[in-house]
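# Fold and contact review
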Amino acid sequence: MAIKYRLIKESRECMARLGVVETPHGNFETPVFMAVGTQATVKTLTREELLALGAEIILGNTYHLWVQPGNSVIREAGGLHAFMNWERPILTDSGGFQVFSLAKLRDIKEEGVRFRHHKSGARLFLSPEKAIEIQNDLGSDIMMAFDECPPYPSSYDYLKESADRTLRWAERCLKAHKNKDRQALFGIVQGGEFEDLRKYSAEELVRMDFDGYAIGGLSVGEPKEIQNRVLAFTTPLLPKNKPRYLMGVGSPGMILDAVERGVDMFDCVLPTRIARHGTAMTVRGRVNIANKEFERDFSPLDPACDCYTCKHYTRAYLRHLFKAGEILGMRLVSIHNIRFLVELTENIRKAIREDRFYEYKEKVYRDYGLHDSDKDF
RNA sequence: GGUGGGGUAGCGAAGUGGCUAAACGCGGUGGACUGUAAAUCCACUCCCUCAGGGUUCGGCAGUUCGAAUCUGUCCCCCACCA
């Protein structure tokens, strides 16, 4: 087995749990937030900056790296770790999300998915076997099964058909996987908002015995209550001795809600994307740092934060960088936002260890001025 | 002093009789972003207010049912020539 999950502690208050995932490139503690580095880079940041802010595991993407520079280039470089100079764990997504996000450019068939390259328009074909082959070349510590991420809302019939196909694809992924001692493979539970479909999907995947299980098809525009409801009835279907990964979630409120319901791993482009667009996550909620109110605000972005940006620069300076279109602004806020979520998970782990998860969750909600009904955070 | 070109919203720049409160770009002000087609996208940006109304296209005076657009005159800017 390429990875091993050690359950350290289960919360006495809820389904939250503390664990360690051991991988060929080192261990990481869970719950964990993983920064997204789609194209073999967490956009704008260097390895040193990621290490300094406490990133333990990052993502790469099968579709993007296949298309550019090509998986053979990365294989020749010695794998993705060597290619991008990141010696810690890497998880690669399978291209399943592109089945969703490139909806206008693709066609789903049983055999696989036809894409038009989002830049060149070239015809491409991605299948479970191909996605595994590419990920084998990338050499990630954790590979994801090739799935379909259906949009919200979708009909019951379509979700059933899609979840069924994703199960057949999961089986094919397992069969195609040739590097089982070096790379783990996670299955992805689908089924939309429907309990019977999620149950069916989860049970079939568990029967196939993956190294870990992801919950997919969430955070695609559904109300927060649906997401929480799906998590509440899905995580109990997953084995306790394997990690559980909620794909695509990265707002503080949603992470807390999901940890409470037994999720261990998260990834999201949110912190880095909104950073490049001038929005910072702070203890008091989101801050659009380019706003005029910060023109002469010479205090740190987030006084409570220990990141490089908050220790060295002011809000007025960050606003100036964004107004002037300077790249450094995007970098500094990206550092802060990732650090913010990494620190959140550090605090969550501490809270679980001390059996005061709810106390911590309520504090975060209160400081943000959030309520359970809020769509965001 | 002469000849030619020109003065349109914060800036640049279209528009040369009614469809024009006036394209478009920049700038400005907000907002969005959740397994990255994203240093992107959306909204507003003459004034007052929700629908509606009120003032505009260097100034003034005209022509016309109607003028940013035509005429006269004045002011200013640019280029070249003396």
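Residues take numbers from 1 onward in each chain, read along the sequence in its written order. For this description, chains carry letters from A and ligands carry numbers from 1, given in the order in which they are written. Whole-chain, interface and lining totals are the exception, using all residues; otherwise, since this is a predicted model, local features are given only for residues with pLDDT of at least 70 and side-chain atom pairs are given and counted only at 80 or more. Side-chain descriptors were evaluated using all non-hydrogen atoms of the structure, hydrogens and water having been removed beforehand.

Let us now look at the nonpolar core. To qualify as a nonpolar core, a set must consist of buried Ala, Val, Leu, Ile, Met, Phe, Trp, Tyr and Cys residues joined through side-chain atoms within 4.5 Å. Each residue's exposure class comes from its accessible area (1.4 Å probe, protein chains only) as a fraction of the maximum for that residue type: buried when under 20%, exposed when over 50%, partly exposed otherwise. If you look at the biggest cluster of nonpolar residues, it comprises 95 residues, and the most contacted ones within it are L246, I255, F266 and I348. Helix numbers and strand numbers start at the N terminus; a helix is a DSSP run of H or I with at least 4 residues, a strand a run of E with at least 2. For this core, the leading source of residues is helix 14 (residues 327-353), giving 11 residues. It only takes one pair of heavy atoms within 4.5 Å for two residues to be counted as in contact. Setting aside anything within four residues of it in sequence, one finds I348 in contact with P31, I255, L256, V259, F357 and Y360. Membership of the second largest hydrophobic core comes to 20 residues, among which are A2, Y5, M34 and M247.

Another point: the sheet that holds strand 9 (residues 123-126). Taken together, three strands build an open sheet; the order of strands is 7-8-9 and the sheet is antiparallel. The sheet is open, and its two edges are formed by strand 7 (106-108) and strand 9, each paired on a single side. Recorded for the sheet is a direction-independent mean angle of 20 degrees between the axes of neighbouring strands. The criterion for strand pairing is that DSSP finds at least two bridges linking the strands in question. For strand 7 and strand 8 (residues 113-116), the ladder comprises three bridges, and the chain directions are antiparallel. Note that in strand 8 the partner of D107 across the bridge is R114. In this analysis an axis means a line fitted to C-alpha atoms, helices contributing only their contacting stretch, and an angle means the value between N-to-C directions, from 0 to 180 degrees.

Turning our eyes to something else, we now look at helix 10 (residues 252-260). The element helix 10 is extensively covered by neighbouring structure, given that nine of its nine residues are classed as buried. Within helix 10, the full set of buried residues consists of P252, G253, M254, I255, L256, D257, A258, V259 and E260. Looking one or two residues beyond helix 10, the residue adopting positive phi is G262, at roughly 95 degrees.

Taken in spatial order, the eight strands of this closed barrel run 4-5-6-10-11-12-13-14, and their pairing is parallel. Looking at each pair of strands side by side, their axes are set apart by 30 degrees on average, direction ignored. Lying over the sheet, helix 8 (residues 195-208) contacts strand 11 (184-189) and strand 12 (212-215), oriented at roughly 160 degrees with respect to strand 11.

With an omega of 0 degrees, the peptide bond running from T30 to P31 counts as cis. In this structure, the amide linkage connecting Q68 to the following residue, P69, adopts the cis form with an omega of 10 degrees. Looking at where P69 falls in the secondary structure, it is placed in the loop between helix 2 (62-67) and helix 3 (71-77). Its identity as a non-glycine residue notwithstanding, T44 has a phi of 75 degrees, on the positive side. For T44, the position within the fold is in the loop between strand 4 (32-36) and helix 1 (47-52). What makes T44 partly exposed here is its relative accessible area of 27%. Of note, the phi angle at S219 is positive, near 60 degrees, even though the residue is not glycine. For S219, the location among the structural elements is in the loop between strand 12 and helix 9 (224-234).

Counting buried residues in strand 11 gives six out of six residues, a clear majority hidden from the surface. Every second residue of strand 11 is oriented toward a common face, with A184, F186 and I188 on one face and L185, G187 and V189 on the other, all of them buried. Relative to strand 11, strand 10 (residues 142-144) runs parallel, the two sharing three bridges. Its bridge partner lying in strand 11, M144 is registered against F186. Examined bridge by bridge, strand 11 and strand 12 share four bridges and lie parallel to one another. Considered in strand 12, the bridge of I188 is made with A214. When the strands point away from the viewer, a crossover counts as right-handed if the path from the first strand over the helix to the second runs clockwise. Where the polypeptide runs from strand 11 across helix 8 and back to strand 12, its parallel neighbour, the crossover connection is right-handed.

These figures capture arrangement, not role.
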